[in-house]
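This is what each chain is made of:
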Amino acid sequence: MFTSFQFTWFKCGGLSVGLSWAHVLGDAFSAFNFLSKWSQILAGQAPPKSLHVSSFPEPKISHNSIVDDPPVSIKKTNILGEYWLATNYHDVATHSYHITSKQLHHLVTATFNQTNDNTNEAKTTYFEIISALLWKCIANIRGQHFGPNVVTICTSESNRAENEFPTNGFLVLSKIEADFSTGKYEISELVKLIAENKMVENHVMEKLVEADEGKEDFIVYGVNLTFVNLEEANIYDGMNLNGQKPIMANCTFRGVSDKGVVLVLPAPEDDEDGGNGRIVTVSLPREELYQLKDKLGGEWGIH
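Keep in mind that this is a model prediction, so the values were computed, not measured. (Residues numbered from 1 in each chain as written. Predicted model: local features only at pLDDT ≥ 70, side-chain atom pairs only at ≥ 80, totals over all residues. Heavy atoms only, no water.)

Caption draft 1: Representation of the overall build of the chain within the structure. When its secondary structure is counted, the chain shows six helices and 13 strands. Within the chain, the proportion of its 303 residues that are buried is 43%. Taken as a whole, the chain presents about 17,200 Å² of accessible surface, with 51% of it coming from carbon and sulfur. (Helix = DSSP H or I, 4+ residues; strand = E, 2+ residues; numbered from the N terminus. Buried < 20%, exposed > 50% of the residue type's maximum accessible area, 1.4 Å probe, protein only. Areas by Shrake-Rupley, 256 points an atom, 1.4 Å probe, with all protein chains shown as cover.)

See below:
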C-alpha cells in the first residue's frame, strides 16, 4: 500500500491537505479513517496500540444475491509485463458539483411530484435520487443505443470497527439492470429501480477471484457506469487540525474506465439554512462531462 501527503499553504492562511492512497478498490472509508487518526495523533492523542483486524463470517446469501451468473461489475485488467494497461480508450475528466440542501429538497419534491406518489419519499436516500438523476442525464447524452441500462452500485456496510485495519470486506457491489431505455423514464422510476432491484454480485466475484487463486487483477470503477455511496463518510467531524475542521473535503478515483463513476459525499453545512448538501464528483469521458455540465446547470441549476 502506498500513501503520500501534499500540503498547500495559502496566503490567506488556509491549508489544503491532500492524501494519495493506493488501495485495492479505493476504499475511501479507510482513507478518511486514516486522516482522522492522523489528525488526532498530531493533536497529541495517543494512537491506538493495535488495529482491529476484522474476521468476516461466512456471508449469508440473501434473496437478492447472485451466486451463479458471471459478474458484470468487474473485468480483468490487461497486463503488459508487470504493469496494468490503460483501462479506457477516451480522455476521462473529473468535475465536482456542490448540491446544496435547498437544491436537494427541490430535487426530492420534483422527483415525487412526477408520479404524485409520496409513499416512499421518507425511505428514499439522497444517494438514490442523485444517482437516478445522473443515470437519466448520462443515458440521454449517450442515446438509447448506448444505454447505460446496466449500472453498478458500490455501498459499504456500516458495522466497521473504530480502529479497523484497512480492508475491502465491508464493500458491497451490486448491479442494476433496466429492461427499458433509461433516458426516457422519470427520475422517480429510476429511484425505485435503484432501491428495489439491486442484485449483489459479491459472491460470484469472490468465486471468480478464488478460481484464479487471487493472481488476476480486476477493474471495477467504470466497467459499468458506477455509483459510489460515501454519504456516511465521517469527513468533517472526524478530522481536526489545531481546532479547525475542514471547510470542504472531496475524493476522486484514478484509473476509471470509460463508462464512468459517480461519487456521492457529504457536503459542509450550508450558510443559508444550516443544512447539509452533497458533493457529487463525476468522472466521465471529457465530451460527455461537458454535456452533463450543461444539462445539470440548465435544467437543475447545479454547477
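Caption draft 2: A look at the pattern of salt bridges. Counting across every chain of the model gives six salt bridges. With its nearest N and O atoms 2.6 Å apart, the salt bridge here joins D91 to R286. Note that D91 is positioned in the loop between β5 (83-84) and β6 (92-99) and R286 in helix α6 (residues 286-300), a separation of 195 residues in sequence. The salt bridge partner of K245 is D237, with a shortest N-O separation of 3.1 Å. (Salt bridge = Lys/Arg side-chain N within 4 Å of Asp/Glu carboxyl O.)

Caption draft 3: The packing of helix α3 (residues 126-142) against α6, seen in detail. Axis separation between α3 and α6 bottoms out at 10 Å; the angle between their running directions is 125 degrees. Considered as vectors, α3 and α6 are oriented oblique to each other. Note on packing geometry: the crossing formed by α3 with α6 is right-handed. Of the residues in α6, those in contact with L133, L134, C137, I138, N140, I141 and R142 of α3 are E288, Q291, L292, K295, L296 and W300. Considering only residue class, the contact of α3 with α6 consists of eight nonpolar, two polar and three charged. (Axes fitted to C-alpha atoms, helices over the stretch in contact; angles between N-to-C directions. Parallel < 35°, antiparallel > 145°, perpendicular 65-115°, else oblique. Left-handed = near helix turned anticlockwise from the far one by under 90°. Contact = heavy atoms within 4.5 Å. Nonpolar A, V, L, I, M, F, W, Y, C, P; charged D, E, K, R; others polar.)

Caption draft 4: Looking closely at unusual backbone geometry. The backbone phi angle of N242 is positive, close to 55 degrees, even though this residue is not glycine. As for its position among the elements, N242 is in the loop between β11 (225-229) and β12 (261-269).

Caption draft 5: Quick peek at a nonpolar patch on the surface. Together, F5, F7, W9, L15 and F34 make up a nonpolar patch on the protein surface, roughly 490 Å² of accessible area in all. At three residues, the largest contribution of residues to the nonpolar patch is made by strand β1 (residues 2-9). (Patch = residues over 30% accessible without salt bridge, like charges linked within 9 Å, V, L, I, M, F, W, Y side chains within 5 Å.)

Caption draft 6: Focus on the packing of aromatic side chains. Overall, the coordinates contain six aromatic pairs when judged by the stated rule. On the basis of an interplanar angle of 25 degrees and a centroid distance of 6.0 Å, the ring pair of F5 and F34 is categorised as stacked. Of this pair, F5 sits in strand β1 while F34 sits in helix α1 (residues 28-42), and the two are 29 residues apart along the sequence. For the ring pair F5 and W38, a centre distance of 4.7 Å and an interplane angle of 25 degrees mean the geometry is stacked. Residue F5 is located in strand β1, and its partner W38 is located in helix α1; the two are separated by 33 residues in the primary sequence. Judged by its relative accessible area of 17%, W38 falls in the buried class. Taken together through their ring pairs, the aromatic side chains of F5, F7, W9, F34 and W38 make up a single cluster. (Phe/Tyr/Trp six-rings, centres within 6.5 Å; stacked < 30°, edge-to-face > 60°.)

Caption draft 7: Summary view of α3. Between its first and last C-alpha atoms α3 spans 24 Å; for 17 residues at 1.5 Å apiece the expected length is 24 Å, and the two agree. Counting buried residues in α3 gives 15 out of 17 residues, a clear majority hidden from the surface. (Expected span 1.5 Å × (residues − 1).)

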